[in-house]
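This is what each chain is made of:
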Amino acid sequence: MSHDFLAFAIVAAQYLLLLAMAFSIIRMVRGPRAQDRVLALDALYVNAMLLLLSIGIRTGSELYVEAGLIIALLGFAGTLAFSKFLLRGEVIE
Amino acid sequence: MNHLDALPPWAAVLVGVLVLLGSGFAFTGSLGLLRLKDFYKRVHAPTLGTTLGAFFMLAGSILCFSVVHGRPIFYEILIGVFLTLTTPITLMMLVRAALYRNRVEEAQEPPRRTTLE
Amino acid sequence: MAGFLLLAWLLLRQSLAPATVVSGVVIALGLAWAFGKLRPPRARVRHYPLLGKLLLRVVRDIVRSNLAVAWIVLRRRGRFTSGFVAIPLELTDHYGLAVLACIITSTPGTIWVDHDSARNVLLIHVLDLVDEASWIDTIKQRYERPLLEIFQ
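The name given to chain C in an unreviewed UniProt entry is Putative monovalent cation/H+ antiporter subunit E, and the organism recorded there is Rhodanobacter fulvus Jip2. If you open the UniProt record of chain C and go to Sequence similarities (unreviewed entry), you find "Belongs to the CPA3 antiporters (TC 2.A.63) subunit E family."

Labelled according to an unreviewed UniProt entry, chain A appears under the name Putative monovalent cation/H+ antiporter subunit F, originating from Rhodanobacter fulvus Jip2. As its UniProt record puts it under Sequence similarities (unreviewed entry), chain A is described as follows: "Belongs to the CPA3 antiporters (TC 2.A.63) subunit F family."

*Asks:* Can you help me understand the overall build of chain C in this one?
*Replies:* Helices and strands together make up the secondary structure of chain C, namely 5 helices and 3 strands. Going from the N terminus to the C terminus, chain C shows its helices and strands as α-α-α-β-α-β-β-α. The burial tally for chain C puts 35% of its 152 residues in the buried class. Contacts in chain C between residues at least 24 apart in sequence constitute 69% of all its contacts with a sequence separation of at least 6. Of the roughly 9,200 Å² of accessible surface on chain C, 65% is carried by carbon and sulfur atoms.

*Asks:* Help me understand the packing of aromatic side chains in this model?
*Replies:* For any pair of aromatic rings, geometry is given as the distance between the ring centres together with the angle between the planes. As enumerated under the stated definition, the model contains 4 aromatic pairs over all chains in all. Measuring from centroid to centroid gives 5.7 Å for F23(A) and F27(B), while their planes differ by 40°, and the two rings are tilted. Of this pair, F23(A) sits in helix α1 (residues 2-30) while F27(B) sits in helix α2 (residues 9-35), placing the two residues on different chains. Residue F23(A) is classed as buried on the basis of its relative accessible area, which comes to 14%. Cluster of aromatic residues (ring-pair linked, three or more members): F25(B), F55(B) and F56(B).

*Asks:* How should the nonpolar core be read in this particular structure?
*Replies:* Note that soluble globular proteins tend to have their nonpolar side chains buried in a common cluster. Judged by nonpolar contacts, the single largest core of 48 residues is most densely connected at L6(A), L50(A), L7(B) and V15(B). Breaking this core down by element, the ones donating at least two residues are α1, α2 (34-59) and α3 (63-88) of chain A, α2, α4 (46-69) and α5 (77-106) of chain B together with α3 (48-74) of chain C. No other element matches the 10 residues that α2(B) contributes to this core. Residue contacts for L50(A): discarding those within four places in its chain leaves L17(A), A26(B), G49(B), G53(B), A54(B) and M57(B). Judged by nonpolar contacts, the second largest core, of 25 residues, contains M92(B), L50(C), V126(C) and L129(C).

*Asks:* Help me out: how do you make sense of α2(A) in this one?
*Replies:* For an α-helix, 3.6 residues make a turn, and residues three or four places apart therefore share a direction. Residue and element names in this part refer to chain A. Under the 1.5 Å per step criterion, the end-to-end length of α2 is 37 Å for 26 residues, consistent within 8% with the ideal 38 Å. Counting buried residues in α2 gives 20 out of 26 residues, a clear majority hidden from the surface. A positive backbone phi angle near 75° is found at G60, which sits one or two residues after α2.

*Asks:* When you look at the side chain of N47(A) in this model, what are you seeing that I'm missing?
*Replies:* Relative to the elements of secondary structure, N47(A) occurs in helix α2. At 2.8 Å, the side chain of N47(A) and the side chain of S30(B) are in polar contact.

*Asks:* What is the right way to look at the interface of chain A and chain B in this model?
*Replies:* Bring the parts together and some accessible area is lost; that lost area is often taken as the interface size. Listed per partner, the contact involves 57 residues of chain A and 61 residues of chain B. Both sides of the chain A and chain B interface together cover about 5,300 Å² of buried area, and 76% of this is carbon and sulfur. Interface area lost by chain A to chain B is led by L39(A), I57(A) and L87(A), which between them contribute 13%. Applying the counting rule to chain A against chain B returns 1 salt bridge. One salt bridge connects D36(A) with R42(B), and the closest N-O pair in it is separated by 2.8 Å.

Procedures and definitions
- Residues numbered from 1 in each chain as written.
- Chains lettered and ligands numbered in written order.
- Predicted model: local features only at pLDDT ≥ 70, side-chain atom pairs only at ≥ 80, totals over all residues.
- Heavy atoms only, no water.
- UniProt positions renumbered as here; feature names shortened; annotations may be inferred.
- Helix = DSSP H or I, 4+ residues; strand = E, 2+ residues; numbered from the N terminus.
- Buried < 20%, exposed > 50% of the residue type's maximum accessible area, 1.4 Å probe, protein only.
- Contact = heavy atoms within 4.5 Å.
- Areas by Shrake-Rupley, 256 points an atom, 1.4 Å probe, with all protein chains shown as cover.
- Phe/Tyr/Trp six-rings, centres within 6.5 Å; stacked < 30°, edge-to-face > 60°.
- Core = buried A, V, L, I, M, F, W, Y, C linked by side-chain atoms within 4.5 Å.
- Expected span 1.5 Å × (residues − 1).
- Polar contact = N/O pair within 3.5 Å; in protein donor to acceptor, adjacent residues only side chain to side chain.
- Buried area = accessible area lost by both parts, 1.4 Å probe.
- Salt bridge = Lys/Arg side-chain N within 4 Å of Asp/Glu carboxyl O.

Here's what the structure looks like:
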């Protein structure tokens, strides 16, 4: 009974996260300005990381946590570089 | 799904609730990203996913792996620490970039050519 | 710094074998030495218990404003206004300002926009702006007061 609930909860969570990623992508495609797109990309990274964590719980493999850590790192660096670019028009001053 | 059957019932329910809560907050954050009207409002939305959304998800993950392996595993905390340190920095940079761009345009200065946009 | 790096290393490797600990200590000390070469201005933390209290308060506020922002987003169509608020500050310490920036930005519903260091005026954006004066008061009383005591 409780395990059925857990299985249901994980699948539901994964669908919610997929929808969240879809929303971010819509905003990224539609976003009127470049900063909207960068913001959506950042949200997309975070959602992808959470999705990886939920897959990790489902399959019982801790490798997914490491993948999530890497995504968080890359997302941070990428978003920072994009904002820097928007701020000055070049990445490295 | 053998390893999940190894969880005792209380842990299974708790992990399920935590995972649902986490994804619910992340979902709400992205919904806000889509729904709110202008950029400065939209900036607030993704913080939902990175604070409580990530917190509940990480707590569920920690609980699940700790119970399955029979020893405490706090490995996921690294992601949490990292996320709380970096999110404010990225958001502040982004807002400053947006402010800069808006000011440049409002002042009717010739906007610089950018390849993005 | 070195202790924090060592802890992160041990968490990543997930073992307490002697080889892991030794290599972790070497890497942590090396990196701490390298960063020390950058000569950051020293932070003086005066009041550790108050720092813990501030942390708890911030966690509670983050939870509460999470719920508030989620409610705003999920509500079908509600009217709310958002806008900028300018707050005059007394805090001048760099570390204090950095901590204040992180607090304000990581709380959903408020975000740090700009800080004018010449006039020491802070500009924040608030999602659900009802009363400007009450926000100024909140930020000053809840966050700036303890930070002033901690860092200055």
